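Letter by letter, the chains look like this.
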Amino acid sequence: MAAGKKTKKNVESMNSRIKLVMKSGKASLGYKSALKSLRTGRAKMVLIASNCPPLRKSEVEYLAMLAKTSVHHYTGDNTELGTACGKLFNCSVVSIIDAGDSDILSSKE
């Protein structure tokens, strides 16, 4: 029971960090724009939804490894990730270009 509470708190803190990035920093939503920002080396961190297809997930992880960018596997699905970003649509990959006031880059949960 305590483990369930802790994971819920981690998800809520991650959601609040994502909201702060969307408000004060710069992020690009979507698979194609994430690949583009990884190739150009602008991405600082990549968030991948839990229900992202395996081939797409491995491709993003591979490019992030080449670009020396951190990858966070978001616990929710693409609908929850889109909602956390403040959008009304699904989003399976989000690349964070500038964190702004958020401490999302320093947090490893």
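Before going into details, it helps to say that this report is about the structure given with it. As the structure is a computational prediction, the values presented were derived from the model and not from experiment.

### What about the side chain of Asn15?
- Position of Asn15 among the secondary structure elements: in helix H1 (residues 2-24).
- Take Asn15: its relative accessible area is 19%, and that puts it in the buried class.
- Filtering out sequence-adjacent residues up to four positions away, Asn15 remains in contact with Tyr74 and Ala84.

### Regarding a nonpolar patch on the surface
- Together, Tyr62, Met65 and Leu66 give the surface a local cluster of nonpolar side chains, amounting to about 340 Å² of exposed area.
- Considering the arrangement of structural elements, one finds Met65 in helix H3 (residues 54-66).

### Focus on the pattern of salt bridges
- Applying the stated criterion to the full structure yields one salt bridge.
- Asp103 serves as the salt-bridge partner of Arg17, at 3.1 Å between the closest nitrogen and oxygen. Here Arg17, found in helix H1, pairs with Asp103, found in the segment after strand E4 (93-98); they are 86 residues apart in sequence, far enough to count as distant.
- In this structure Arg17 comes out as buried when scored by relative accessible area, which is 15%.
- Residue classification places Asp103 among the partly exposed positions, given a relative accessible area of 41%.

What counts and how
Residues numbered from 1 in each chain as written. Predicted model: local features only at pLDDT ≥ 70, side-chain atom pairs only at ≥ 80, totals over all residues. Heavy atoms only, no water. Helix = DSSP H or I, 4+ residues; strand = E, 2+ residues; numbered from the N terminus. Buried < 20%, exposed > 50% of the residue type's maximum accessible area, 1.4 Å probe, protein only. Contact = heavy atoms within 4.5 Å. Patch = residues over 30% accessible without salt bridge, like charges linked within 9 Å, V, L, I, M, F, W, Y side chains within 5 Å. Areas by Shrake-Rupley, 256 points an atom, 1.4 Å probe, with all protein chains shown as cover. Salt bridge = Lys/Arg side-chain N within 4 Å of Asp/Glu carboxyl O.

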